[in-house]
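Per-entry structural report
Residues per chain, in single letters:
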Amino acid sequence: MTQIPLTPTVEPVRETTTAQFSSNVAARYLWALTRLCLGWTFLWPFLDKTFGLGHETTPAHAWINGGSPSMGFLSGATGPFAGLYQAIAGAGWVNWTFMLGLLGIALALLLGIGTRIAAVAGAILLVLMWSASLPPQDNIFMDNHIIYAIVLLGLAVVGAGNTLGLGRWWTQTSLVRRFPWLA
């Protein structure tokens, strides 16, 4: 015979504590700061390669002075894909795709809009850059390109554009409501 408990079983009410709230707020701001930092890591090479600011690109090799943004990195490609990358190094379509990609990803991350598409595009760009320098210098397969790619995808998953960015506004626009993949 089955016995019926004398007192009903009730799930305890789980209230959000101040510590949980503070932790959630801290996490949102940490992800937002990470988004802004990664946005800068994409914007800086665009600016340096375009204007030859002297960090990695001299003024004489700036894109606006006829230099090739992709020549230096791709012509030095190593590993199993070296031949492919070296063959396309300096091609006009490669330069334009690379530079527009850097700028688009950077602006999306810095503004907090289109973070999903920026995260995917940035992850693809980073994996391509990783594959042009195999094997990595410090590890048999892992390097900062792969780590940054994973972090970019994390930014999209947590909606990092909503904090310290225009993400909330962007997701409410009719364009994004019609095409949610632009969020």
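Preceding block: the structure.
Residues numbered from 1 in each chain as written. Predicted model: local features only at pLDDT ≥ 70, side-chain atom pairs only at ≥ 80, totals over all residues. Heavy atoms only, no water.

1. Here's the deal with the overall build of the protein
What counts is decided by this rule: Here a strand is any run of E in DSSP of at least two residues, a helix any run of H or I of at least four, and the numbering for each starts at the N terminus. Only protein chains enter the accessibility calculation, which uses a 1.4 Å probe; a residue whose area is less than 20% of its type maximum is buried, one above 50% is exposed, and one in between is partly exposed. Any two residues having at least one pair of non-hydrogen atoms within 4.5 Å are treated as being in contact. All accessibility values rest on the Shrake-Rupley procedure with a 1.4 Å probe; residue burial counts only the protein chains present in the view.
If you tally the helices and strands in the protein, you get eight helices and zero strands. In the protein, the succession of α and β elements from N to C terminus is α-α-α-α-α-α-α-α. Within the protein, the proportion of its 183 residues that are buried is 34%. Counting only contacts in the protein whose residues sit at least 6 apart along the sequence, the fraction spanning at least 24 positions is 61%. Total accessible area on the protein stands at roughly 11700 Å², and carbon and sulfur atoms take up 68% of it.

2. Observations regarding the environment of T97
Mapped onto the secondary structure, T97 falls in helix α4 (residues 92-111). The exposure class of T97 is exposed, given its relative accessible area of 52%. Sequence separation of T97 and S70 is 27 residues, and the distance between their C-alpha atoms is 9.8 Å.

3. Quick word on the side chain of R35
Basically, it comes down to this: N or O atoms within 3.5 Å of each other form a polar contact, as long as, within protein, one can give a hydrogen and the other can take it, and as long as residues adjacent in sequence are counted only when both atoms are side-chain atoms.
Position of R35 among the secondary structure elements: in helix α1 (residues 18-51). Within polar-contact distance, the side chain of R35 engages the backbone oxygen of L109 at 2.5 Å. Setting aside chain neighbours within four positions, we find R35 in contact with L109, L110, L111, G112, T115, L155, A160, G161, T163, L164 and G165.

4. Overview of α4
As a reminder of what qualifies: The span one expects for a helix is its residue count, reduced by one, times 1.5 Å.
With 20 residues, α4 should cover 28 Å at 1.5 Å per step; its first-to-last C-alpha distance of 28 Å lies within 8% of that length. The complete set of buried residues in α4 reads V94, N95, F98, M99, L102, I105, A106, A108 and L109.

5. Regarding the side chain of T163
By the element assignment, T163 lies in the loop between α6 (144-158) and α7 (167-171). Assessed through its relative accessible area of 6%, T163 is described here as buried. Looking at T163, its side chain comes within polar contact range of the side chain of R28, at 3.3 Å. The contact partners of T163, leaving out residues within four places of it in the chain, are R28, Y29, A32 and R35.

6. A closer look at the packing of helix α5 (residues 115-131) against α6
For any two helices packed against each other, the geometry is given by the interaxial angle and the distance between the axes. Just so we agree on the cut-off: Convention adopted: a line fitted to C-alpha atoms gives each axis, helices being fitted over their contacting stretch, and angles between N-to-C directions are expressed from 0 to 180 degrees. Roughly parallel means an angle under 35 degrees; roughly antiparallel, over 145; roughly perpendicular, 65 to 115; everything else is oblique. All residues other than Ala, Val, Leu, Ile, Met, Phe, Trp, Tyr, Cys, Pro, Asp, Glu, Lys and Arg, Gly among them, are scored as polar; the first ten of these are nonpolar and the last four charged.
Between α5 and α6, whose axes approach to 8 Å, the crossing angle comes to 170°. Put simply, α5 runs roughly antiparallel to α6. Taken together, the residues of α6 that come into contact with α5 (itself represented by T115, R116, A119, V120, G122, A123, L126, V127, M129 and W130) are H145, I146, Y148, A149, L152, L153 and A156. Looking at side-chain class alone, the contact of α5 with α6 contains 13 nonpolar, three polar and one charged residues.

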